[in-house]
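Coordinates in review
If you want the building blocks of each chain, they are given just below.
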Amino acid sequence: REVYGRYVEHWNLTPADYEEKKLTRIIKRLLHAHRLDRFYKEAPLVGTESYHVGIPLAFTPSGKDKPEKAIKPINLAQSTPTKIYTHGDEWISKVTRLKSIGSLPDSFLFVVKKSEDPECADAVEEICDGLKNEGAEVIDILDEEAILDWARIEENPELKLEFE
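Everything numeric here is computed off the predicted structure, so don't read it as measured data.

Right, let's talk about the overall build of the protein chain for a bit. Looking only at helices and strands, the protein chain has five helices and five strands in total. For the protein chain, the succession of helices and strands along the chain, N to C, is α-α-β-β-β-α-β-α-β-α. Here the protein chain, with 164 residues, has 40% of them falling under the buried criterion. For the protein chain, the accessible surface area stands at approximately 10600 Å², while carbon and sulfur atoms represent 48% of it.

Here is the structure:
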């Protein structure tokens, strides 16, 4: 029963983690609807043996040791600015560390769920700016077109024989 609760009902998740699992499902459905889900898989160990992070949606071309593109949902719809700073700073730090060890994906997108509380607006903006300053891109979860534009993968055109 406890194993079921932990892995199926996610008893061990904090509210922020749970919300990010929901955001990941939303993004997966969006990618699936546009046939992009075949490119993006979970990458549980992005980095080195001594430092790595898990990224829920990553495109790693065959033969590459790090993702070319990575998508990480981040919940900045927290109840207080302090919670937003704490959670956001954690990810800014992770991006900074991945960059310093040469393991940052070539393109890293944070899909953000933003707080609608005006008291939290400055914290959300600062965290988004901090992620951008480290080389990541930030798109609001509500901007599906921008997410899809970013997520598209250039495929090598297949050779087609034309018969006259």
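What follows continues from the structure just given.
Enumeration over the complete set of coordinates arrives at four aromatic pairs. With a centroid separation of 6.4 Å and an interplanar angle of 55°, the aromatic rings of Tyr40 and Phe59 are classed as tilted. Of this pair, Tyr40 sits in the loop between α2 (15-33) and β1 (41-47) while Phe59 sits in strand β2 (residues 52-59), and the two are 19 residues apart along the sequence. Looking at Phe59, the relative accessible area reads 12%, which means it is buried. Centre to centre, the rings of Phe108 and Phe110 are 4.8 Å apart; their planes meet at 5°, and the pair counts as stacked. Accessibility assignment for this pair places Phe108 and Phe110 in one class, buried. Ring pairs connect the aromatic residues Phe39, Tyr40 and Phe59, which therefore count as one cluster. One Lys or Arg, Lys69, reaches over the ring of Trp150 and ends 4.7 Å from the middle of that ring. Above the ring of Tyr51, the side-chain terminus of Arg97 is found at 5.8 Å from the ring centroid.

The next subject is a positive patch on the surface. The grouping of Lys21, Arg25, Lys28, Arg29 and Lys41 at the surface amounts to a positive patch. With respect to the helices and strands, Arg25 occurs in helix α2.

Attention now moves to the nonpolar core. Ranked by size, the top nonpolar core spans 25 residues in total, and within it Leu76, Ile84, Trp91, Phe108, Phe110, Val112 and Leu131 carry the most contacts. Residues in contact with Trp91, not counting those within four places in the same chain, are Val53, Gly54, Lys72, Ile74, Phe108, Phe110 and Leu131. In terms of nonpolar packing, the next biggest core, distinct from the first, is built from 19 residues, Phe39, Ile71, Ile139 and Ile153 among them.

So, on to helix α3 (residues 81-100). Three- or four-residue spacings in an α-helix give side chains the same orientation, since the helix completes a turn every 3.6 residues. The terminal C-alpha atoms of α3, which comprises 20 residues, lie 28 Å apart, in line with the 28 Å expected from a rise of 1.5 Å per residue. All of the buried residues along α3 are Ile84, His87, Gly88, Trp91, Ile92, Lys94, Val95 and Leu98. Along the long axis of α3, the arc covered by the buried residues comes to 155°, so they all point the same way. Of the exposed residues in α3, those oriented more than 90 degrees away from the buried face are Thr82, Thr86 and Ser100. Within two residues after α3, Gly102 carries a phi angle of roughly 75°, on the positive side.

Analysis parameters
Residues numbered from 1 in each chain as written. Predicted model: local features only at pLDDT ≥ 70, side-chain atom pairs only at ≥ 80, totals over all residues. Heavy atoms only, no water. Helix = DSSP H or I, 4+ residues; strand = E, 2+ residues; numbered from the N terminus. Buried < 20%, exposed > 50% of the residue type's maximum accessible area, 1.4 Å probe, protein only. Areas by Shrake-Rupley, 256 points an atom, 1.4 Å probe, with all protein chains shown as cover. Phe/Tyr/Trp six-rings, centres within 6.5 Å; stacked < 30°, edge-to-face > 60°. Lys NZ or Arg CZ within 6 Å of the ring centre and 35° of its normal. Patch = residues over 30% accessible without salt bridge, like charges linked within 9 Å, V, L, I, M, F, W, Y side chains within 5 Å. Salt bridge = Lys/Arg side-chain N within 4 Å of Asp/Glu carboxyl O. Lys, Arg positive; Asp, Glu negative; His and termini not counted. Charge placed at Lys NZ, Arg CZ, Asp CG, Glu CD. Core = buried A, V, L, I, M, F, W, Y, C linked by side-chain atoms within 4.5 Å. Contact = heavy atoms within 4.5 Å. Expected span 1.5 Å × (residues − 1). Arc of directions from axis to C-beta.

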